[in-house]
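Chains, contacts and geometry: an overview
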Amino acid sequence: MTTTLLLQLSDPHIREPGRLAYGRINTAPYLAEAVASVNRLPQAPHAAVITGDLTDFGRAAEYEHLRALLTPLNMPVYLLPGNHDSREQMRASFPQHHYLGSEGFIQYSVPVGGMQLIALDTVVPGASEGSLCTERLQWLEEELARHTSRSVVIAMHHPPFRTLIGHMDDIGLREGADALEAIVARHPQVERVICGHLHRAIQVRFGGTIAATVPSPAHQVRLDLAPNAASAWMLEPPGFALHALPAGGRLVSHTVASGQYAGPYPFHDGGQLID
C-alpha cells in the first residue's frame, strides 16, 4: 500500500459572504487559498478532516459558504464541530455526510487508506470550553478495541493539554483530559491526537504518543506565554497539516504554509553545487 496522506484543516471561522470575523478579517479568501495550496501538493491527500470551528456562529448561510469553499477539494472531507459550531445546523447543511449521525454527539470512526480516523466531539453547547464525558470516552475505548491492528489518528477540537497560552487554556478541555490520556496510553496503535482550537502549531508528549494543534488557514492566536496575556489574534502566516503514514511505518506530520511561493529550485546544477 502507498503512503496514506491525511489533510488536517482547522478553525476556518467562515462567515456569510462579505461578512468579517471579529469585524476585521474576511476568512473566506484564506480558506480558498488553503484549498488551492492543497491542490498544488505533489501528492493528493486521501482524505481531509477539519477539526472544528468550521464557521463563526454556526449559521446556515455560513455552512453554505463553507460548502462552496470546500468544493474544489477532490477527496472525502470529514467535519468536526468546534465551540463556534452547531451540531444541528452542521447536520442540516451537510445531509450527505452520513457519518455525522442524526442526533447527539458527532463522533465517528472511518478508514482512511492504511489508517483509522476516529473523531471525538468535545463541544459543550453554549460554552467556549470543551469536555469529554464518560459516554464519549467509553465510545472511544470501544472503538479503539475494534481497531487494534490498524494505526489510529484521533481527531478532536479542544486539545487535551495545557498550551501555556493562558486565555486559551481557560477555554480548553476542562473535563476528561486525564482519562483520555490513560485510554491512549493503553492503546499503542494510536499514532497521533490531532486538535484545533489554538490557531497555532503546538506539540506535546501525550499518553505515549504526540498530541498536536495546527495553524488556522486564516488568523492565528498571538504567541504570548505570560500568565496575564491578553486574548488576541494575529495575521501570521496561515497553514494546515499533512499527516503521512507509510505502509508498515510510523506517522509523520508536516505543518504546511498555505499560499504560493517562489520555487522549487534545485540545490545543485548538473550534479555540481552552485557557487
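Residues numbered from 1 in each chain as written. Predicted model: local features only at pLDDT ≥ 70, side-chain atom pairs only at ≥ 80, totals over all residues. Heavy atoms only, no water.

**Observations concerning the nonpolar core**
Rules: Side-chain atoms within 4.5 Å are what join buried Ala, Val, Leu, Ile, Met, Phe, Trp, Tyr and Cys residues into a set we call a nonpolar core. In this scheme, a residue with accessible area under 20% of its type's maximum is buried, one over 50% is exposed, and one in between is partly exposed, where area comes from a 1.4 Å probe on protein chains only. Secondary structure elements follow DSSP: runs of H or I of four or more residues count as helices, runs of E of two or more count as strands, with numbering from the N terminus. Residues count as neighbours in contact if any of their non-hydrogen atoms are within 4.5 Å of one another.
Core analysis: the biggest nonpolar cluster contains 45 residues, and L6, L70, L73, Y78, L79, Y108 and L117 have the highest contact counts within it. Considering every element that reaches this core, the biggest residue donor is helix α1 (residues 27–39), with 5 residues. With sequence-adjacent residues up to four places away left out, L73 is seen in contact with L7, L9, V35, V38 and N39.

**Some thoughts on the side chain of Q107**
Our working rule: Side-chain atoms alone can form a polar contact between residues adjacent in sequence; in general such a contact is a pair of N or O atoms within 3.5 Å, and within protein one must be able to donate a hydrogen while the other accepts it.
Tracing the backbone through its elements, the reader meets Q107 in the loop between α3 (87–93) and β4 (108–112). A relative accessible area of 15% means that Q107 is categorised as buried. Looking at Q107, its side chain comes within polar contact range of the main-chain nitrogen of D121, at 3.1 Å. Leave out the neighbours within four places in its chain, and Q107 touches Y99, A119, L120, D121, R136 and W139.

**Some details on unusual backbone geometry**
Glycine aside, negative phi is the norm for most residues, and most peptide bonds take the trans geometry. Between G263 and P264 the backbone carries a cis peptide bond, its omega angle lying at 10°. One non-glycine residue, H13, lies in positive phi territory at about 50°. Structurally, the position occupied by H13 is in the loop between β1 (4–9) and α1. Of note, the phi angle at Y22 is positive, near 55°, even though the residue is not glycine. Residue Y22 is classed as partly exposed on the basis of its relative accessible area of 43%.

**Notes on the pattern of salt bridges**
The criterion, for reference: Throughout this description, the term salt bridge denotes a Lys or Arg side-chain nitrogen within 4 Å of a carboxyl oxygen of Asp or Glu.
The final tally for this structure, using the stated rule, is 10 salt bridges. The salt bridge partner of R186 is E141, with a shortest N-O separation of 2.6 Å. Of this pair, R186 sits in the loop between α6 (177–185) and β9 (190–195) while E141 sits in helix α4 (residues 134–146), and the two are 45 residues apart along the sequence. A salt bridge links R222 to D224, with the shortest nitrogen-to-oxygen separation between them at 3.7 Å. A single network of salt bridges, built from pairs that share partners, joins R15, E16, R59 and E62.

**Some details on the sheet that holds β1**
Put simply, the test is: The pairing criterion for strands is at least two bridges between them, as found by DSSP. What counts as an axis is a line fitted to C-alpha atoms, over the stretch in contact for a helix, and the angles between N-to-C directions run from 0 to 180 degrees.
The 5 strands are arranged β3-β2-β1-β14-β15 in an open sheet whose pairing can be described as mixed. Two strands lie at the open edges of the sheet, namely β3 (77–80) and β15 (252–257), each paired on one side alone. Between one strand and the next, the sheet's axes are offset by a mean angle of 20°, whatever the strand orientation.

**A short note on the packing of α4 against α6**
Note the threshold: Oblique is the label for every angle not falling under 35 degrees (roughly parallel), over 145 degrees (roughly antiparallel), or within 65 to 115 degrees (roughly perpendicular). Classification convention: Asp, Glu, Lys, Arg as charged; Ala, Val, Leu, Ile, Met, Phe, Trp, Tyr, Cys, Pro as nonpolar; all other residues, Gly among them, as polar.
Here α4 crosses α6 at 5°, and the two axes come no closer than 11 Å. Regarding the angle of α4 to α6, the classification is roughly parallel. Counted together, L137, L140, E141 and L144 of α4 and A179, L180 and I183 of α6 form the full contact between these two elements. Looking at side-chain class alone, the contact of α4 with α6 contains 6 nonpolar, no polar and 1 charged residues.

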